[in-house]
Amino acid sequence: AKSFFPDLSPFFLSLPLLVLLPFALFSGSGSDTPPGPVSFPIVGNWLQVGNDLNHRNLVDLAKKYGNVFLLRLGARNLVVVSDPKLATEVLHTQGVEFGSRPRNVVWDIFTDNGKDMVFTEYGDHWRKMRRIMTLPFFTNKVVQQYREMWEEEMDMVVRDLRGDRVAQTEGVVVRRRLQLMLYNVMYRMMFDARFESMSDPLFQQATRFNSERSRLAQSFEYNYGDFIPILRPFLKGYLNKCRDLQSRRLAFFNDNYVEKRRKLMAARDGKRLRCAMDYILEAEMNGEISSDNVIYIVENINVAAIETTLWSMEWAIAELVNHPNAQQRLRKELWDVLGDEPLTETNLQRLPYLQAVAKETLRLHSPIPLLVPHMNLEEAKLGGYDIPKRTKVIVNAWWLGNNPEWWHKPEEFRPERFLDEEKEVEALVGGKVDFRFLPFGVGRRSCPGIILALPLLSLIVGKLVKDFEMVPPPGVDKIDVTEKGGQFSLQIANHSTIAFHPIAP
Ligand code: HEM
């Protein structure tokens, strides 16, 4: 993403600070807010810390200022939490107090000021939306209803790779095919609709709309107008672009999918609910939610479900290619346990190493390393400090899972750790929670999609490894696992090209 101050040297960056120095406010002076760097009028700490507050840069700041520190980004306050005890406070003990979401000028547009679920404040609206979405998306019954469909979509990927000579020799960017698979999984669950191929015009439109939305929402380009209200008029062009994209995108979802289900529902008189949208439309007919809420549920699933799961699949595959011993061990487990039997959701429980591979991937490369930001509507206390109301509170979940104080050689991809020294650790919400391992968060605002994401990740990885030896393309030694972060995502910078050598049928 483009930075607002892309190439300025530290010298130029320090000039405005020197001018402002006499007016510097020392954060913490007078009130008991968490420690943090010296804060300057108007810009706060923004010029010192820059835009790219990714999980690694935030670790450097935590080493300097402590496990809870405060940054002032213009008019916005940001608190960063970097240890398991304080994470427990934010997500669990004081889960209600810190259970809201901050928004910014751009997210306000993409959620129509919180008509959605993911970014809305904690309260009645969020509770209702979460309840209405749970029945058709986030229960074990849903998993049972759809698991065969998931397996079918995944077997098609395996079949395509088996029939693709290029994939078997030079290798392919497997992400593209997996993206189609995940869109099909989610659109079949949502609308009972699927895309024929990567060249299906509807698929191309859907992916284009969603990636443009992600780019505009995650960019650092608009920070200046968000942080410094008097500069907001300069954002007019950017915000108009967001509005225009959002209205075309929502119309796309509505015209091609929601309206079709609405007509089917009307024709069937609401009987025989088939896909998630039917349940959501039933809630609309009962007057529980508005048609705007319906469309924002679709938008939230498009944002929260597909790319996140896809990133975790890309990471898992890249790491297994770079760690042939782990890949070999996984293949042995799959063949020892299943033999010729196909891998299905029902036998995941019998495959501990496969589960360990999924966990290790999510630990080392958490797709949402800082969780979705939290926010306190009222002034609150955290770690003995005062947290001003409406502070954006970030939990550095990636660091909880990668701090050498708490993990043995955390920088290594070693699934075995989850069978050995960390065998008690589960990525489950509720029950026994280990606050060092929170790829899906925990508590009220935790990811309800975990119930789908974990089996989806394990299933595709297992199916690919059972059927193929996955290797780097010819002439390449290791897959490049350089990271690329956005405002809250952790993706692989270069989509890997992988060669798939079929295992004898
Ligand atoms: C929220 C991770 C897949 C739906 C979240 C949060 C995280 C997360 C970290 C925020 C937790 C917090 O703020 O404390 C992931 C990862 C995924 C994944 C790593 C895949 C590997 C999915 C899927 C769905 C989904 C497949 C839906 C089908 C949601 C929703 C929320 C959410 C609706 C908002 C919850 C709320 O605000 O109440 N996810 N997620 N996610 N996720 Fe996921």
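Residues numbered from 1 in each chain as written. Predicted model: local features only at pLDDT ≥ 70, side-chain atom pairs only at ≥ 80, totals over all residues. Heavy atoms only, no water.

Points about the overall build of the protein chain
Counted only if it meets this: To qualify as a helix, a DSSP run of H or I must reach at least 4 residues; to qualify as a strand, a run of E must reach at least 2; elements of each kind are numbered from the N terminus. Radius of gyration: over C-alpha atoms. The globule rule applied is 2.2 Å multiplied by the number of residues raised to the 0.38 power. Only protein chains enter the calculation, and the probe is 1.4 Å; a residue is then buried if its accessible area is under 20% of its type maximum, exposed if over 50%, and partly exposed in between. Methods summary: accessible areas were calculated by the Shrake-Rupley approach with a probe of 1.4 Å, and residue burial reflects only the protein chains presented. Neither His nor the chain termini are counted; the positive set is Lys and Arg, and the negative set is Asp and Glu. Where a charge lies is defined by one atom per residue type: Lys uses NZ, Arg uses CZ, Asp uses CG and Glu uses CD.
Scanning the protein chain from N- to C-terminus turns up 18 helices and 11 strands. Since a compact globule built from 505 residues should have a radius of gyration of about 23 Å, the 23 Å found for the protein chain is in line with a globular shape. Along the longest, intermediate and shortest principal axes, the C-alpha atoms of the protein chain span 75 × 55 × 45 Å. Taking all 505 residues of the protein chain together, 57% fall into the buried category. With the model as given, the accessible surface of the protein chain reaches about 21,600 Å², and the carbon-plus-sulfur share is 55%. Computing the positive centroid from 63 side-chain charges and the negative centroid from 63, the protein chain places the two 3 Å apart.

Description of the site of the ligand
Stated formally: Summary of the distance rule: residues count as near a molecule or strand when at least one heavy atom falls within 4 Å of that molecule or strand. Polar contacts, as counted here, are pairs of nitrogen or oxygen atoms within 3.5 Å of one another; within protein the pair requires one atom able to donate a hydrogen and one able to accept it, and residues that are adjacent in sequence qualify only if both atoms are side-chain atoms.
In the vicinity of the ligand there are 26 residues, among which Arg101, Trp126, Arg130, His374 and Cys447 approach most closely. In this structure, an oxygen atom belonging to the ligand sits 2.9 Å away from a side-chain N or O atom of Arg445. Elements that contribute at least two residues to the shell around the ligand include exactly α6 (124-137), α14 (291-322) and α18 (450-467). Counting residues per element, the shell around the ligand draws most heavily on α14, which supplies five residues.

A closer look at the coordination of the iron atom of the ligand
Formally: For Na, K and Ca the donor cutoff is 3.2 Å, while for all other metals N, O and S atoms must lie within 2.8 Å; water is not among the atoms, so some sites may look incomplete.
For the iron atom of the ligand, the protein contributes exactly one donor atom, Cys447 (SG), at 2.2 Å. By secondary structure assignment, the location of Cys447 is in the loop between α17 (397-400) and α18.

Side note on the environment of Pro448
Selection criterion: Working rule for contacts: check all heavy atoms of both residues, and any pair within 4.5 Å makes them a contact.
With respect to the element layout, Pro448 can be found in the loop between α17 and α18. In this structure, the C-alpha to C-alpha distance between Pro448 and Arg130, residues 318 residues apart in sequence, is 8.7 Å. Not counting the four nearest positions on each side in its chain, Pro448 is found in contact with Met117, Arg130 and Phe138.

Details of the sheet that holds strand β4 (residues 374-375)
The test is simple: Any two strands between which DSSP finds at least two bridges are classified as paired. Axis definition: a line fit to C-alpha positions, over the contact stretch in the case of helices; interaxial angles, taken between N-to-C directions, run 0 to 180 degrees.
In spatial order, the strands read β1-β2-β7-β4; together these four strands make up an open sheet with mixed pairing. This sheet does not close on itself; its edge strands, each paired only once, are β1 (68-73) and β4. Here six bridges tie β1 to strand β2 (residues 76-81), and the two strands are oriented antiparallel to one another. Considered in β2, the bridge of Val68 is made with Val81. Lying over the sheet, helix α4 (residues 84-93) contacts β1, β2, β4 and β7 (392-395), oriented at roughly 130° with respect to β7.

Quick look at the packing of helix α9 (residues 174-191) against helix α10 (residues 201-218)
Packed helices, taken two at a time, are described by their axes: the angle between them and the distance between them. To be explicit about the condition: Angles are sorted into four bins: roughly parallel if under 35 degrees, roughly antiparallel if over 145, roughly perpendicular if 65 to 115, and oblique for all others. By the convention adopted, Pro, Cys, Tyr, Trp, Phe, Met, Ile, Leu, Val and Ala count as nonpolar, Lys, Arg, Asp and Glu as charged, and the other residues, Gly among them, as polar.
Across the interface, α9 lies against α10 with an axial gap of 12 Å and an inter-helix angle of 95°. The orientation of α9 relative to α10 falls into the category roughly perpendicular. When α9 is examined against α10, the residues Gln179, Leu180, Tyr183 and Tyr187 are found in contact with a partner set consisting of Phe203, Ala206, Thr207 and Asn210. Among the residues making up the contact of α9 with α10, the classes are represented as five nonpolar, three polar and no charged.

Examining the packing of aromatic side chains
The cut-off we apply is this: Between 30 and 60 degrees the pair is tilted, below 30 it is stacked and above 60 it is edge-to-face, where a pair is any two Phe, Tyr or Trp rings, Trp via its six-membered ring, whose centres lie within 6.5 Å. Think of it as a cone above the ring: NZ of Lys or CZ of Arg counts as a charge over the ring if it is within 6 Å of the ring centre and within 35 degrees of the ring normal.
One pass over the full model with this rule turns up 22 aromatic pairs. Centre to centre, the rings of Tyr183 and Phe195 are 6.2 Å apart; their planes meet at 75°, and the pair counts as edge-to-face. Placement of the pair is Tyr183 in helix α9 and Phe195 in the loop between α9 and α10, with a sequence separation of 12 residues. Using a relative accessible area of 1% as the deciding quantity, one classes Tyr183 as buried. The ring of Tyr122 has Arg127 sitting right over it, with the charged end atom 5.5 Å from the ring centre. The ring centre of Phe110 lies 5.3 Å from the NZ or CZ of Arg213, which sits over that ring.

Remarks on the pattern of salt bridges
For side chains of opposite charge, pairing can occur when their charged atoms come near one another. Keep this limit in mind: We define a salt bridge as a contact between a side-chain nitrogen of Lys or Arg and a carboxyl oxygen of Asp or Glu at a distance within 4 Å.
Counting across every chain of the model gives 37 salt bridges. One salt bridge in this structure joins Arg103 and Asp108, with 2.7 Å as the shortest N-O distance. Between Arg188 and Glu152 there is a salt bridge, and its shortest N-O distance comes to 3.6 Å. Of this pair, Arg188 sits in helix α9 while Glu152 sits in helix α7 (residues 140-162), and the two are 36 residues apart along the sequence. Shared partners join several salt bridges into a network, and the residues in it are Glu152, Glu153, Arg188 and Arg194.

Examining the sheet that holds strand β3 (residues 172-173)
The strand order across the open sheet formed by three strands is β3-β11-β8, and the pairing between neighbours is antiparallel. The sheet terminates laterally at β3 and β8 (468-471), the two strands that pair on one side only. Alignment of β8 against strand β11 (residues 497-502), held across four bridges, turns out to be antiparallel. The partner of Phe468 across the bridge, within β11, is Pro502. Seen against the sheet, α14 touches β8 and β11 and runs at an angle of roughly 85° to β8.

Notes on unusual backbone geometry
The general pattern is negative phi for most residues beyond glycine and trans for most peptide bonds. The backbone of Asn113 shows a phi angle near 60°, a positive value even though the residue is not glycine. Position of Asn113 relative to the elements: it lies in the loop between α5 (105-110) and α6. The phi torsion at Arg390 lies on the positive side, around 60°, for a residue other than glycine. On the secondary structure map, Arg390 appears in the loop between β6 (385-387) and β7.

Description of the confidence of the model for the protein chain
So the rule is basically this: Here pLDDT means the predictor's own confidence in every residue, given as a number from 0 to 100.
Averaged over every residue, the pLDDT of the protein chain is 92; the share at 70 or more is 92%. Segment residues 1-14: pLDDT under 50, and 16 contacts once partners within four positions in sequence are set aside and those in other chains are kept. Across residues 25-29, where pLDDT falls below 50, the model places eight contacts with residues more than four positions away in sequence or in other chains. Reported for the predicted complex are a pTM of 0.93 and an ipTM of 0.99.

Some details on α9
For clarity, the cut-off: Here the expected length of a helix is defined as 1.5 Å per residue gap, with one fewer gap than residues.
Helix length check: α9 (18 residues) gives 25 Å between terminal C-alpha atoms against 26 Å at 1.5 Å per residue, within 8%. Judged by how many residues are buried, α9 sits mostly within the fold: 17 of 18 residues are covered. Immediately downstream of α9, the backbone of Asp192 shows phi near 60°, a positive value.

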